[in-house]
Amino acid sequence: MEERGSPDGDPARSLEQGPEGPETPIQVVLRVRPMSAAELRRGEQSALHCSGTRTLQVSPPGGGPDVAFRFGAVLDGARTQEDVFRACGVRRLGELALRGFSCTVFTFGQTGSGKTYTLTGPPPQGEGVPVPPNLAGIMQRTFAWLLDRVRHLGAPVTLRASYLEIYNEQVRDLLSLGAPRPLPVRWNKTQGFYVEQLRVVEFGSLGALMELMQMGLSRRRSSAHSLNQASSRSHALLTLYISRQTMPPVDPGEPPVGGKLCFVDLAGSEKVAATGSRGELMLEANSINRSLLALGHCISLLLDPQRKQSHIPFRDSKLTKLLADSLGGHGVTLMVACVSPSVQCLPETLSTLRYASRAQRVTTRPQAPKSPMAKQPQRLEMEILQLQEENRCLRSQLGQVHPKGMSSPGAGVGCGWGSHGSSHRALPPRQPQGSVGPGWPGPSGTSMGCCRSSCWRMRGSGKKRASCRVAGTRPGMSSGSWPSRCTSWSGASSVPAPFTCQTPAQPHRVPV
Ligand SMILES: Nc1ncnc2c1ncn2[C@@H]1O[C@H](COP(=O)(O)OP(=O)(O)OP(=O)(O)O)[C@@H](O)[C@H]1O
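Residues numbered from 1 in each chain as written. Predicted model: local features only at pLDDT ≥ 70, side-chain atom pairs only at ≥ 80, totals over all residues. Heavy atoms only, no water.

Selection criterion: UniProt positions are given in the numbering used here, feature names are shortened, and annotations may be inferred rather than shown by experiment.
As annotated in an unreviewed UniProt entry, the chain is Kinesin-like protein from Lynx pardinus. Its UniProt record, at the heading Subcellular location (unreviewed entry), says of the chain: "Cytoplasm, Cytoskeleton".

Right, here's the structure in full:
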């Protein structure tokens, strides 16, 4: 018996462990749906047998050796929606998304194989009729889990969602306020590929999120053909953006830590001869097949260690652009491959199984965006340097003033290092808001204390002729970008009332 598939190991455990090493393979779970009523009516036989929790055996009709495929988990037609949710380890992906990772769950398979059922449950039985809770799919179950999890977290979390479809190679916003219109896919260095002008909606409750999902589902293109009465004619991507504020916030202006959880319901591959698609249905089928082909091509190239470092043609379709990070980037990805058990579907099923086998050998390098806390050491280091410098300077002034028994440090002692030996003219200091100290000058012409502690940068004053004696005026440098606490200014010709520094001082370096 030939066997293909993933290496040994407990699937649930490997998903629960999450991305430990630098490279993590795409996890693949296989779901075999039960025989449909139509298939049973036609008396079709099953060609698939699950042996154990990870192996699927395929028995070709008319004899021949069985072929076995191994995946992270294999779920037969008797498994419930809850079983599937658990086996897929989606909660673990949710936890990772809360920690800032970008996670993707996507379903893949032939038309009518149960992809939409797995993600969102059966089609609603009427307008506004909700899916019965026991039939709810991975998406509804994840939403409920996530909202509950967020409620019990100590830190505030902002949740937002977007929902789009790729229909005939056009991206349409399923949550747009008006009629959906094509949106461009762009690329930049920080975001990678993204959809411009996509509506992202903040939500605060499970009910609000379910409404968004229903809105998107009702707008998504679907049609009937001979293999599925409600066949999706587009790829749909619902993304949850999870922004978790660090405690305590590093800086009110800092963006919060953000993770993503994206659910992708791919349209099914189809043989137009089998589905009987004509006209518009056939155009849709061709577009679907082309984009799935592009996806398969990228997956094949990602498996080639030589090619992985070089060019992968993600730009070949909108689908591959939007899945680029999930497949070859820094995301954590789960693929749920869906198949029909029927012998009639075997060629398509084998193609799905091979596709899924290849996908589980693709690896990504999961990486959470750097938390604002990570920037702290650098910021603190700068602050420490500045404070040390100020401390050193103040100490040296104290050492020079007090031995002479001067009660007022401002009385009659010139700065010892001004140009041409003249007294140092300090700019009138800008007092930081709410800060009043002994070093601040009084009314024009009087100096009250040490310019070293009282000379502050001229924030936005535009007096570019003023220069810092130590750092100097740098070409193109505005006064606002000078050292935060310049201790020695000169050339302040445009300043209305120059002050004379009367504190003895030693030249010193100011950290810039
Ligand atoms: N595990 C299952 N249990 C019961 N019914 C199922 C199961 N999976 C799928 N079905 C039913 O099979 C039919 C096809 O499923 P579904 O629409 O989810 O397929 P699909 O793969 O999304 O197809 P398409 O690619 O054409 O959109 C639906 O009527 C669905 O309710």
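Past the structure itself, the notes keep going.
### Quick look at the overall build of the chain
As a reminder, the rule being used: A helix here means a DSSP run of H or I that spans at least four residues, while a strand means a run of E at least two residues long, and both kinds are numbered starting from the N terminus. Burial classes follow relative accessibility: with a 1.4 Å probe on protein chains only, a residue under 20% of its type's maximum area counts as buried, one over 50% as exposed, and anything between as partly exposed. Here, two residues are considered to be in contact whenever any of their heavy atoms come within 4.5 Å of each other. For the area figures, the Shrake-Rupley method with a 1.4 Å probe applies, and any residue is considered shielded solely by the protein chains shown.
Scanning the chain for helices and strands turns up 14 helices and 24 strands. For the chain, the proportion of its 512 residues judged to be buried stands at 49%. Look at the contacts in the chain between residues 6 or more apart in sequence, and 72% of them connect residues 24 or more apart. Within the structure as shown, the chain displays about 24900 Å² of accessible surface, and the carbon and sulfur contribution to it stands at 54%.

### A closer look at the site of the ligand
Our working rule: Proximity is defined per residue: any heavy atom of the residue falling within 4 Å of a molecule or strand makes that residue near it. Polar contacts, as used here, are pairs of N or O atoms within 3.5 Å; protein pairs need one atom able to donate a hydrogen and one able to accept it. Residues neighboring in sequence count only if both atoms are side-chain atoms. Each residue is assigned to one of three groups, with Ala, Val, Leu, Ile, Met, Phe, Trp, Tyr, Cys and Pro labelled nonpolar, Asp, Glu, Lys and Arg labelled charged, and all others, Gly among them, labelled polar.
In the vicinity of the ligand there are 16 residues, among which Thr 111, Lys 115, Tyr 117, Ser 231 and Ser 232 approach most closely. Separating an oxygen atom of the ligand from a backbone N or O atom of Ser 113 is a distance of 3.2 Å. Within the contact set of the ligand, an oxygen atom lies 3.0 Å away from a backbone nitrogen or oxygen of Gly 268. Out of a free accessible area of 620 Å², the ligand has 81% covered by protein chains. Among the elements of the structure, helix H5 (115–120) and strand S16 (228–232) are those that each provide at least two residues to the shell around the ligand. Counted by class, the shell around the ligand contains three nonpolar, 10 polar and three charged residues.

### Description of the packing of helix H3 (residues 81–88) against helix H6 (residues 138–151)
Note the following rule: Only the stretch in contact is used when fitting a helix axis, every axis being a line fitted to C-alpha atoms; angles between N-to-C directions are given from 0 to 180 degrees. Should an angle lie under 35 degrees it is considered roughly parallel, over 145 roughly antiparallel, and from 65 to 115 roughly perpendicular; all remaining angles are considered oblique. By definition, any crossing whose near helix is turned counterclockwise from its far helix by less than a right angle is left-handed, and any crossing with a clockwise turn is right-handed.
Two elements in contact, H3 and H6, have axes separated by 10 Å at closest approach and are oriented at 65 degrees. Taken together, the axes of H3 and H6 are roughly perpendicular relative to one another. In the packing of H3 onto H6, the handedness of the crossing is right-handed. Note on element contacts: H6 touches H3 through Ile 138, Arg 141 and Thr 142, opposite Gln 81, Glu 82, Val 84, Phe 85 and Cys 88. Here the contact of H3 with H6 is built from residues that sort into four nonpolar, two polar and two charged.

### Observations concerning the environment of Leu 292
Here Leu 292 shows up in helix H9 (residues 279–303). Residue classification places Leu 292 among the buried residues on the basis of a relative accessible area of 5%. The spacing of Leu 292 and Leu 266 is 26 residues in sequence and 8.6 Å in space, taken between C-alpha atoms. Not counting the four nearest positions on each side in its chain, Leu 292 is found in contact with Phe 108, His 235, Leu 266, Ala 267, Gly 268, Ser 269, Leu 319 and Tyr 355.

### Here's the deal with the pattern of salt bridges
Threshold: What makes a salt bridge here is a side-chain nitrogen of Lys or Arg within 4 Å of a carboxyl oxygen of Asp or Glu, nothing more.
Overall, the coordinates contain 13 salt bridges when judged by the stated rule. A salt bridge links Arg 365 to Glu 23; the nearest nitrogen and oxygen atoms lie 2.9 Å apart. Linking Arg 365 in the loop between strand S20 (363–364) and helix H13 (376–401) with Glu 23 in the loop between helix H1 (11–17) and strand S2 (24–25), this pair joins segments that are 342 residues apart in sequence. A salt bridge links Arg 86 to Glu 82, with the nearest nitrogen and oxygen atoms 3.0 Å apart. Note that Arg 86 and Glu 82 are positioned in helix H3 at a spacing of four residues, about one turn of the helix. A residue is classified by how much of its surface remains accessible, and Arg 86, at 52% relative accessible area, is exposed. Residues joined by salt bridges that share partners form a network here, namely Glu 82, Arg 86 and Arg 141.

### Quick word on helix H12 (residues 346–359)
Residues separated by three or four positions in an α-helix point in the same direction, a consequence of the helix having 3.6 residues per turn. For clarity, the cut-off: To estimate how far a helix should extend, the number of its residues minus one is multiplied by 1.5 Å.
The end-to-end C-alpha distance of H12 is 20 Å, a good match for the 20 Å that 14 residues give at a rise of 1.5 Å each. Three or more residues of H12 are buried, namely Leu 346, Glu 348, Thr 349, Leu 350, Thr 352, Leu 353, Tyr 355, Ala 356, Ser 357 and Ala 359.

### With respect to the side chain of Arg 33
Examined against the element boundaries, Arg 33 turns out to sit in the loop between strand S3 (27–32) and helix H2 (37–41). Within the local environment of Arg 33, its side chain forms a polar contact with the backbone oxygen of Gly 112, the two atoms lying 2.8 Å apart. In this view, Arg 33 contacts Glu 39, Gly 77, Gly 112, Ser 113, Val 339, Ser 340 and Pro 341; residues no more than four positions away in its chain are not counted.

### Examining the packing of aromatic side chains
To be explicit about the condition: Think of it this way: a Phe, Tyr or Trp ring, Trp meaning its six-membered ring, pairs with another when their centres are within 6.5 Å, and the plane angle makes it stacked under 30 degrees, edge-to-face over 60, tilted otherwise.
Throughout the structure, instances matching the rule amount to three aromatic pairs. Look at Phe 108 and Tyr 355: their rings are 4.0 Å apart centre to centre, the planes differ by 25 degrees, and that puts the pair in the stacked class. On the criterion of sequence distance, the pair formed by Phe 108 in strand S8 (residues 102–109) and Tyr 355 in helix H12 is long-range, its members being 247 residues apart. Each member of the pair, Phe 108 as well as Tyr 355, carries the same accessibility label: buried.

### Regarding the nonpolar core
Worth spelling out the cut-off: Only buried Ala, Val, Leu, Ile, Met, Phe, Trp, Tyr and Cys residues count toward a nonpolar core, and they belong to the same one when joined by side-chain atoms within 4.5 Å.
Counting residues in hydrophobic clusters, the biggest one holds 52 residues, and the most contacted among them are Leu 30, Met 335 and Leu 353. The leading source of residues in this core is H9, at seven residues. In this view, Leu 353 contacts Leu 30, Leu 56, Val 58, Phe 69, Phe 71 and Val 339; residues no more than four positions away in its chain are not counted. Formed by 45 residues, the second largest nonpolar core is a distinct cluster that contains Trp 145, Met 213, Ala 236 and Cys 338.

### A look at the confidence of the model for the chain
Applied cut-off: pLDDT runs from 0 to 100 and stands for how confident the predictor is about each residue.
Predicted confidence across the chain gives a mean pLDDT of 75, with 68% of residues reaching 70 or more. Contacts of residues 404–512 to residues separated by more than four positions or lying in other chains number 196 contacts, the stretch itself having pLDDT below 50. For this predicted complex, the interface score ipTM comes out at 0.99, alongside a pTM of 0.71.

### Considerations on unusual backbone geometry
Glycine aside, a negative phi is what most residues show, and trans is what most peptide bonds show. Non-glycine residue Asn 168 carries a positive phi angle of around 45 degrees. Here Asn 168 shows up in the loop between strand S9 (157–167) and strand S10 (170–173).

### Observations regarding the UniProt feature "binding site: ATP" (unreviewed entry) in the chain
The UniProt record marks Gly 109, Gln 110, Thr 111, Gly 112, Ser 113, Gly 114, Lys 115 and Thr 116 with the feature "binding site: ATP" (unreviewed entry), using the residue numbering of this structure. Inspection of the secondary structure puts Lys 115 in helix H5. When its relative accessible area of 6% is taken as the criterion, Lys 115 is described as buried. If near-sequence neighbours (up to four positions away) are discounted, Lys 115 is found in contact with Thr 107, Phe 108, Gly 109, Gln 110, Asp 265, Leu 266, Ala 267, Gly 268 and Cys 338. Within the local environment of Lys 115, its side chain forms a polar contact with the backbone oxygen of Gly 109, the two atoms lying 3.1 Å apart. Looking at the secondary structure, you find Thr 116 in helix H5.

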